Amino acid sequence: AFVTGCSAQTATPNAAGIPSLGVRARAGAPLSQARLAAIARGIAQKSRVDRAARKGRLLYVADSYGYGQLLVYTYPQLSGAGVLSGFGSVDGVCTDRQGYVWLVDAADQVVWEFAHGGTEPINYLQASPSGPGIGASCAVNPKNGDLAVTGFGAGFTVFRNGQSTLSTYTASGFGSVSYIGYDGTGDLYVDGVLSSTFTFGLAELPAGSSSVQNVTLAGETISKPGGIQWDGKYLDIGDAGLAVA
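On a predicted model such as this, the values are computed, not experimentally measured, just so you know.

Asks: Would you mind going over the nonpolar core in detail, with residue names and values included?
Replies: Formed by 23 residues in total, the largest nonpolar core has its most connected members in Y60, L70, V72, L84, F87 and W112. Within the residue set of this core, elements represented by two or more residues are α1 (33–46), β3 (58–63), β4 (69–74), β5 (80–84), β7 (101–105) and β8 (110–114). Per element, the largest residue contribution to this core is 4 residues, and it comes from α1. Within the second largest apolar cluster, 16 residues are counted, among which are V158, Y169, V177 and V212.

Asks: I'd like a rundown of the packing of aromatic side chains, residues and numbers included.
Replies: For the coordinates displayed, the defined rule picks out 3 aromatic pairs. Pairing W112 with Y124 gives two aromatic rings, centres 6.0 Å apart and planes at 65 degrees, and the pair type is edge-to-face. Of this pair, W112 sits in strand β8 while Y124 sits in strand β9 (residues 123–125); the two residues are 12 residues apart in sequence, bridging distant segments of the chain. Across the pair, exposure class does not vary: W112 and Y124 are buried alike. Ring geometry for F156 and Y169: centres 5.5 Å apart, planes at 25 degrees, overall stacked. Taken as a pair, F156 in strand β12 (residues 155–159) and Y169 in strand β13 (residues 166–170) lie far apart in primary sequence, 13 residues in all. Given a relative accessible area of 1%, F156 falls into the buried group.

Asks: Got a sec to walk through the sheet that holds β13? Specific residues and values, please.
Replies: Across the sheet, 4 strands lie side by side as β10-β11-β12-β13; this open sheet has antiparallel pairing. Looking at strand neighbours, the two that pair on one side only are β10 (138–140) and β13, the edges of this open sheet. Mean inter-strand twist for the sheet, computed between neighbouring axes without regard to direction, equals 20 degrees. Pairing of β10 with strand β11 (residues 147–150) involves 3 bridges; the strand directions are antiparallel. Residue pairing for β11: V140 is matched across the bridge by L147.

Asks: Residues and numbers for the pairing of strand β18 (residues 225–230), please.
Replies: The pairing of β18 with strand β19 (residues 235–239) spans 4 bridges and is antiparallel. Opposite I228, over in β19, you have I237 as the bridge partner.

Asks: Outline the pattern of salt bridges, listing residues and values.
Replies: Under the definition given, this model contains 1 salt bridge. Between R160 and D146 there is a salt bridge, with the nearest N and O atoms lying 3.2 Å from each other. Placement of the pair is R160 in the loop between β12 and β13 and D146 in the loop between β10 and β11, with a sequence separation of 14 residues. The partly exposed category is assigned to R160, whose relative accessible area is 32%. Under the relative-accessibility criterion, D146 is labelled buried at 7%.

Asks: So, the state of the cysteines: which residues are in play, and what are the values?
Replies: The bond known as a disulfide is covalent and runs between the sulfur atoms of two cysteines. Counted according to the given criterion, the structure contains 1 disulfide. Note on cysteine connectivity: C94 is disulfide-linked to C138, with sulfurs 2.3 Å apart. Looking along the S-S bond of the C94-C138 disulfide, the torsion reads about -125 degrees, which is the left-handed sense. One end of the pair, C94, is in strand β6 (residues 93–95); the other, C138, is in strand β10, with 44 residues separating them in the sequence. Like C138, C94 is buried.

Asks: Summarise unusual backbone geometry; cite the residues concerned and give the values.
Replies: With omega at 10 degrees, the peptide bond leading from Y75 into P76 counts as cis. Residue L78 is not a glycine yet carries a positive backbone phi of 60 degrees. Overall, the relative accessible area of 49% leaves L78 in the partly exposed class.

Asks: Could you give an account of the sheet that holds strand β16 (residues 200–205), with specific residues and numbers?
Replies: The sheet built from 4 strands is open, its strands ordered β14-β15-β16-β17 with antiparallel pairing. Single-partner strands in this sheet number two, and they are β14 (174–182) and β17 (213–215). The sheet shows a mean angle of 35 degrees between the axes of neighbouring strands, direction not considered.

Asks: Any details on the side chain of D96? Residues and values, ideally.
Replies: Examined against the element boundaries, D96 turns out to sit in the loop between β6 and β7. The buried charged residue D96 lacks any salt bridge, with R97 as its nearest oppositely charged partner at 7.1 Å. Sequence-distant contacts of D96, that is, excluding residues within four places in its chain, are made with W102, E113 and V140.

Conventions and cut-offs
Residues numbered from 1 in each chain as written. Predicted model: local features only at pLDDT ≥ 70, side-chain atom pairs only at ≥ 80, totals over all residues. Heavy atoms only, no water. Core = buried A, V, L, I, M, F, W, Y, C linked by side-chain atoms within 4.5 Å. Buried < 20%, exposed > 50% of the residue type's maximum accessible area, 1.4 Å probe, protein only. Helix = DSSP H or I, 4+ residues; strand = E, 2+ residues; numbered from the N terminus. Phe/Tyr/Trp six-rings, centres within 6.5 Å; stacked < 30°, edge-to-face > 60°. Pairing = 2+ DSSP bridges. Axes fitted to C-alpha atoms, helices over the stretch in contact; angles between N-to-C directions. Salt bridge = Lys/Arg side-chain N within 4 Å of Asp/Glu carboxyl O. Disulfide = S-S within 2.5 Å. Lys, Arg positive; Asp, Glu negative; His and termini not counted. Contact = heavy atoms within 4.5 Å.

In structure tokens, the structure reads:
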């Protein structure tokens, strides 16, 4: 499961152009506007969040391996507040500076955006048809609102300010990338598996740079890529092989 949280916000949904439930495209093929709109409408019909809870802090937990839902809890009470449902899959989840929530749907190749406590998508993003696609992890740059999403293979995508303008990158020497995260200064990190040794790898896209650099960790060994999170002082990296961070 992936988790993210946000404080209460006064959210005004934007005009995302989400108008309509049709047949979903295969993973990797962009969905049409009509299909996206239909899925968005289905999500709104199947989702619910307690109205009183929307005013407070919320914790979002992606039920990736169960029913494909995004579970919503009050924080820090951890009482059930609702659920977002109707996705092709529920993979990564992250929040932006406004407290809005991004959910990565790798099955439909879409990243959906929700207002704090909202049940209807207010925006969506799709990767470039020639790019690495939509993988299973996302992160938001605390400095400028860029949304970074892992793809398939060694690639990842950065959507400028959480909008449709994007750039794609490749982590050299990686067979695949797994998780992605920003530090407090806007440096972007991805971890994954190196193609030559099939061991853990870490790469960095420094803030303001277009060049991805491999990073060597000293003193510790990570057996399997895990989540990446900035804690205010350090970059925390989970070890999925040991279930620790």
